Structures are given as C-alpha cells and as structure tokens.
Amino acid sequence: MSSVELKKVEKHFSGGVVAVDAIDLDVPDGAFVTLLGPSGCGKTTTLRMVAGLETPTGGEIRIKGQRVNETPIHQRNLGMVFQNYALFPHKSIFDNVAFGLKYRKVSKSDIAARVKQALDIVRLPGVEERFPTQLSGGQQQRIALARALVIEPDVLLLDEPLSALDANLREEMRGEIKAIQQRIGVTAIFVTHDQGEALAMSDLVVVMNKGRIEQRGAPAEVYEHPRSEFVANFLGNANFVSGTVAAVNGKRVSVVLADGARIDVADSARAVEMGEAVNVIVRAEKIELGGGGLAGTIAAVDYLGSTARYDVTLAGGQKVTALATIRDGARRVGEAVSLAIAAEHCRIL
Amino acid sequence: MSMAAARQPGEGRIGWALLRLWSIAVYLFMFAPIVVVILLAFNSSRSGAFPMEGFSLQWFGKLFANQSIVDAFKTSLILAGTSGALATVIGIMAALALVRYSFKGKEGIQTFLSLPLLMPEVVMGVALLMFLKFISMPRSFAVLLLGHTILSLPYVVLVVQARLVGLRASYEEAAWTLGANRLQTFFEVTLPLISPAIVGGFLFAATLSFDNITATLFWKKPGIETVPTKIFAMLRTSISPEINALGAVMIVITILLPLIGGYMVRRFAKTK
C-alpha cells in the first residue's frame, strides 16, 4: 500500500518559474525514499508540498489514501526534521519534544512517558531539563528527530537533516536515522543533494533534475544503470569518452577513439549503428591504472589518503578521471600510464 | 595602530592627540548642558543659574507640590504608556505581515509606514490638525494618543521587522507541522522569540512620546499639558529653578527607561 502518492503534482511560482513539473511518485508504506538532486531541482519544494508548507498549483497529493491538498499543515500529522534543527530555543528539551503532543489530547502522564520513550529511541535519555543551545549539533538533530517521531506521524519528512553536521557526525547520524526508521517502521521521505547519503540510506532513490524525475530505483540499480547522462554524472564521477561505433554484436559494441584505441561496451542501453558518434560512460573508480589498452599521461593528482583521483590525458587528447586505491605510493604528474576498462562497466546511453 | 606606525612617528602622535582633543570637545558640547541642568537642580539659589550657593532638594519638593506639574507628569506617563502599547501591538502585526507574507502593494505599505519618520513633525502636526477640522472632530486626549501612536509606529515596525527577518521561518513551520495552528504558533513560538524586539520597540515608542513637543503643541487640547509642553509654558514666564529640577527628572526617566529595558532584554536572553 502506498503511504504517499503524488499524481501530476506541479508547482509554478509567479514569474513563470516551474519548480516542480508534473511529478508522479508512489512512496510505499514503511519505505525510506530519497529525493536526490542538485539545488533548484525541485526536491525541497516537493517535500514542502507534502508537508503543506507549499501549495501545489496542480495535481493531487494523497497521504494514506486521503487527498490532502486542502488539509492545513497542522492537521496532516507529519513529522518534519529541518536542516537547521529548528528546535524552539526558548523551550526546554522536554517542552520541545512534548510540543506536538500538546495539540493531540494526550494526558499529562502519557506526555511524560512518551517524551521519555522518544528520548530513549534517539539515545539521549535524561536531557529533559536542558535547553537546545546546551546541546551539540548532533544532539540537537536527535532531539529534532525525537520531536518529529513522538507524535507517531504518518510520514517522516527529512529536509537535508545532515548537511549542518560535520563529516564524521554526518556518517554516524545517517546510520542512526536509518536504523531508527527501520525499527519504528515509519515511512520516510528524505531530501538530499549528497549521493552518498542517498545510496547508503534509501530503499528507493528518486533522482530529480529541473523539476522532473530523471530516474527512480534501488540505490544499486540507479548507480549501476543510469538511464541518462545527468544521472550518471550526478551519482558520482562519471567519465564521458567520445568515439565512433566500430563493431556491433547484439548489445555488445566496440567504440574506437580518435587515437585509434578501442573501448568495448558489454551492454549498450540502446541500439547503435556502425559509424555513429557516441559517448561511452564509465565511472572513475572502474578505470584501472596499468595493464590496459588505453595509453595516457597523468595530468593531475588529487591525493585523498587511501585513494587518489587522477586526471589522465589520453593519447588522442581526451581527458578522463580515474579513482584508484593507492598501494605503493601515488603516481606522479607526467607519468605515462595505460588504462584498463572492463567492458561490463561501460555504458552507452 | 598599524596605520600610525606606518607614518612618521611624530606626525602620528600629533594626529592622535588632535583626534582625542576633538572627541573630548564633541562630548563636552553634547553632555555639558545636561550636566549643568542636573547640577543646578540641586542649587539652593533662587536664580536658577550659576554660581552654586549650596546643596538643596527644595526644588524637587516644590515640583511635586505643584499640582499642574504633577498633572502634566500623569498625562505624559499615561500618554507614553498607552501610545507605546498601541504602536507596539499595531507594529507587531504590520511587521509580521511585511516579513512573513507576500501580497500586492507590500512595497507601498512599507514606504507608507516609514513616512512619519521622514516627514517634518511640524507638517505632521498641521496635517492631522487640518484633517481633524475637516471631519469636525475637536482636539482631545484621544487625538493626542492617535498622533503619538502614528509618530512612534515606524520605530516599532522597524525594530520588530529586523528581529523577524533574522528569525528563521523554520521555527514557525516546525510548530505548524507538529499540530499548532497559526494563532497557537504565534503565541507559543513567534511572540516569545521576538520579545526582546517588542520590549525594545515599546520603550522606544514610549520614550519618543514622552519626549515629544512639536507635534504635541498642535494636537493638545488647551488645558492639557504634557511635561515638555509644561516646561515650555513655564519658560515663557521665567527661568525658575523648578525647571532645572523638572529637567533633571526628565533626563533620569528618558535615560533610565531604555537602560532598564536593555537590562531586562539581556536577562531574558540569558535565561533561555
């Protein structure tokens, strides 16, 4: 059963700006769905329309089967976690978490019990008397999560909740949010521009661009089988190598580059013709340094610790980026390398 | 410091010395008259001028024995309190509308609200007077109250607006998603968070009203006096030492009130 359904949902802002362009989306009950895309792609506007903070200019939004377009925000029973936490600075942690319960006819003793339970869930027991500014950023975000969960929402909406945290905490919190969501079984819609978060946390990734959905699918599917150059590029480190089709054998295609080097593609996403100019898409981490048929020179090295990112200029002048694990020291600029690319990691769109 | 060091050593020193002298002169010019008024208020001499002949509190005693002055004080305080409160309530609503909502003619209303700031007070005074004549409404305390509210409204709007702009909308949005309606959100979240600006705006408005003389002279009903108009009237007959005492009280009130306000705002900010 779908927990949230969007049917041809649109948001046009005055001045002809189309923020969200006729989106269809089904969020299954209990699923963790991520809206992923660059800023301005419409992901936050979509989330805010589900929350009721923006009014759609067209289409229908259903929550648990009920149309909610006309339902005011405060009657939608949604838990929302904001990027900047938005804890009420003038209220204690107890009053913050209890806030939503006050409007839900819950008795005083039940409120106390449920606040305690919510704080246990986010692993911050005993902070009831403190104030938000007395907690660290990560702790504040846990409280914000507790405040959203304590009302037992139909849907949990997360608007880039991790982007204000520093890197280490971000990874810790994303594991924690996912674990809590699974334990409670609440349906979650998560908005982010970070592909790592999207891939690590989601059951379903929805990649958005310019107000439209580019692709949706399980994390591995979207990553391994991008259906557009945008998706390939946005989900990290894609190279586009241009060449001409030299041989076609079913879905197996050979592409010749300007310098005469060959790249084999095991599984072309579309039918191509001999002599057609195409872009071969290959991810940076799938390019291996050494022992292949592509000759090139290292133009730049970006040392990342356990790995290094190499900008390699191919013999024909094209540039590709390779991401490789460092074994016996990183390679140097100017060094000649040969690149190996396995056919099953190449795609033509 | 680094700029002075970069110049010739002697030149820098003279420059700083001149700057210091100039600053002292400016402050002297600003504050000496105030100090003189306060000093003379304690002078036992009848002349209300230097030299000081001895220390005395008699002029303060006379002040509070003078029923017309006490009445003027009452009028001023009531006027400042009520016009300040009115301006604050209207100002909060206006600021909320201007910051949190978009509507047609918003720019115009923003400009319109700050007009009393730019308009010469004499013009405001005459304009309201003419308007009252036009609708044949006699001058009264209510008119004075209305006028003072108009004069101080832009200050409240500006102060509250500045605070609201700095206050992220997500606090209010969080309250809505948790089930609070607009009114509940305003009283539970918005109002407490802008309270420092409200206290500040009210004190600003009340002080302006308490101080005002130009417009008040146009609007007041004959017989009603505020403290400034009372001082003005007393000056026309003579410079009595009572005026010094009255001036000293005015100074203490207008300086003390904002200071107390500032202290309260800081205390409030600390406890949360």
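Criteria and thresholds
- Residues numbered from 1 in each chain as written.
- Chains lettered and ligands numbered in written order.
- Predicted model: local features only at pLDDT ≥ 70, side-chain atom pairs only at ≥ 80, totals over all residues.
- Helix = DSSP H or I, 4+ residues; strand = E, 2+ residues; numbered from the N terminus.
- Buried ≥ 20, exposed ≤ 12 C-beta atoms within 10 Å, placed from the backbone.
- Contact = placed C-beta atoms within 7 Å.
- Domains from an automatic or database assignment.
- Nonpolar A, V, L, I, M, F, W, Y, C, P; charged D, E, K, R; others polar.
- Pairing = 2+ DSSP bridges.
- Axes fitted to C-alpha atoms, helices over the stretch in contact; angles between N-to-C directions.
- Parallel < 35°, antiparallel > 145°, perpendicular 65-115°, else oblique.
- Left-handed = near helix turned anticlockwise from the far one by under 90°.
- Core = buried A, V, L, I, M, F, W, Y, C linked by C-beta atoms within 7 Å.
- pLDDT = per-residue confidence, 0-100.

1. Observations regarding the overall build of chain A
A tally of regular secondary structure across chain A gives eight helices and 19 strands. Principal axes of the C-alpha set define a box for chain A whose edges measure 75 × 45 × 35 Å. By residue count, 40% of the 349 residues in chain A fall in the buried class. For chain A, the share of sequence-separated contacts (at least 6 apart) that also reach a separation of at least 24 residues comes to 66%.

2. Some points on the domain arrangement of chain B
Residues and elements named next belong to chain B. Its domain assignment divides chain B into domain 1 (2-41) and domain 2 (60-271). Its C-alpha centre places domain 1 at a distance of 34 Å from the equivalent point of domain 2. Residue-level contacts link five residues of domain 1 with six residues of domain 2. Its residues placed into classes, the side of domain 1 that touches domain 2 shows five nonpolar, no polar and no charged.

3. Observations regarding the interface of chain B and chain A
With 16 residues of chain B at the contact, the number on the chain A side is 18 residues. Among the secondary structure elements, those contributing two or more residues to the side of chain B that touches chain A are α8 (170-177) and α9 (182-211) of chain B. Per element, the largest residue contribution to the side of chain B that touches chain A is seven residues, and it comes from α8 of chain B.

4. Let's talk about the pairing of strand β12 (residues 252-256) of chain A
Residues and elements named next belong to chain A. Only one face of β12 is buried: it carries Val253 and Val255, and the other face, with Arg252, Ser254 and Val256, is open. Here strand β11 (residues 238-249) runs beside β12; their pairing, made up of five bridges, is antiparallel. Paired with valine 248 across the bridge in β12 is valine 253. Where β11 folds back on β12, the antiparallel hairpin that results is connected by two residues, among which glycine 250 adopts a positive phi of roughly 65°. Judged from the four bridges that link them, β12 and strand β13 (residues 262-265) form a sheet pairing that is antiparallel. Across the sheet, valine 256 pairs through a bridge with arginine 262, a residue of β13. Between the end of β12 and the start of β13, which pair antiparallel, lie five residues, with glycine 260 showing a positive phi angle near 95°.

5. Looking at the packing of helix α4 (residues 137-149) of chain A against helix α5 (residues 167-184) of chain A
Residue and element names in this part refer to chain A. At their nearest, the axes of α4 and α5 sit 11 Å apart, and the two run at 15° to each other. One finds that α4 runs roughly parallel with respect to α5. The element α4 and its partner α5 pack so that their crossing is right-handed. The segment α4 lies against α5, with Gly138, Gln141, Leu145 and Leu149 engaging Leu169, Met173, Ile177, Ile180 and Ile184. Its residues assigned to classes, the contact of α4 with α5 shows seven nonpolar, two polar and no charged.

6. Considerations on the sheet that holds strand β3 (residues 32-36) of chain A
Residues and elements named next belong to chain A. Read from one edge of the open sheet, six strands run β6-β7-β8-β3-β9-β10, paired in mixed fashion. With partners counted over all chains shown, the strands left at the sheet margins are β6 (78-81) and β10 (212-217), one partner each. Strand-to-strand twist in this sheet, taken as the mean axis angle between neighbours without regard to direction, amounts to 20°. Where strand β7 (residues 155-159) lies against strand β8 (residues 187-192), five bridges are found, and the strand directions are parallel. Paired with leucine 157 across the bridge in β8 is isoleucine 189.

7. Observations regarding the nonpolar core
Residues Leu157, Ile189, Val206 and Val280 of chain A are the most contacted members of the largest nonpolar core, which totals 132 residues. At 11 residues, the largest contribution of residues to this core is made by α9 of chain B. Among the nonpolar cores identified, the runner-up in size contains 12 residues, and Ala41, Trp59, Phe73 and Ala245 of chain B belong to it.

8. Some details on the confidence of the model for chain B
Residue and element names in this part refer to chain B. For chain B, per-residue confidence averages 85 on the pLDDT scale, and residues scoring 70 or more make up 93% of the total. Averaged pLDDT values for the elements of chain B fall to 48 in helix α1 (residues 2-6) and rise to 94 in α8. Taken together, the stretch residues 1-5 has pLDDT below 50 and engages in two contacts with residues farther than four places along the chain or on a different chain. Note on the complex model: pTM 0.80, ipTM 0.84.

9. Remarks on the environment of glycine 262 of chain B
Residue placement: glycine 262 of chain B occurs in helix α12 (residues 241-271). Counting along the chain gives 213 residues from glycine 262 of chain B to alanine 49 of chain B, while the straight-line C-alpha distance between them is 35 Å.

10. Considering the pairing of strand β9 (residues 204-209) of chain A
Residue and element names in this part refer to chain A. Here β9 lies mainly inside the structure; five of its six residues are buried. In this sheet, β10 lies alongside β9 in antiparallel orientation, the contact comprising five bridges. Along β10, the bridge assignment pairs methionine 208 with isoleucine 213. Connecting β9 to the next strand, β10, in antiparallel fashion are two residues, including lysine 210 with a positive phi near 50°.

11. Things to note about unusual backbone geometry
Of all residues except glycine, most have a negative phi; of all peptide bonds, most are trans. Residue and element names in this part refer to chain A. For glutamate 160, which is not a glycine, the phi torsion comes out positive at approximately 45°. Within the element layout of this structure, glutamate 160 appears in the loop between β7 and α5. Located in the positive-phi region is lysine 210, a residue other than glycine, with phi close to 50°. With respect to the secondary-structure elements, lysine 210 resides in the loop between β9 and β10.

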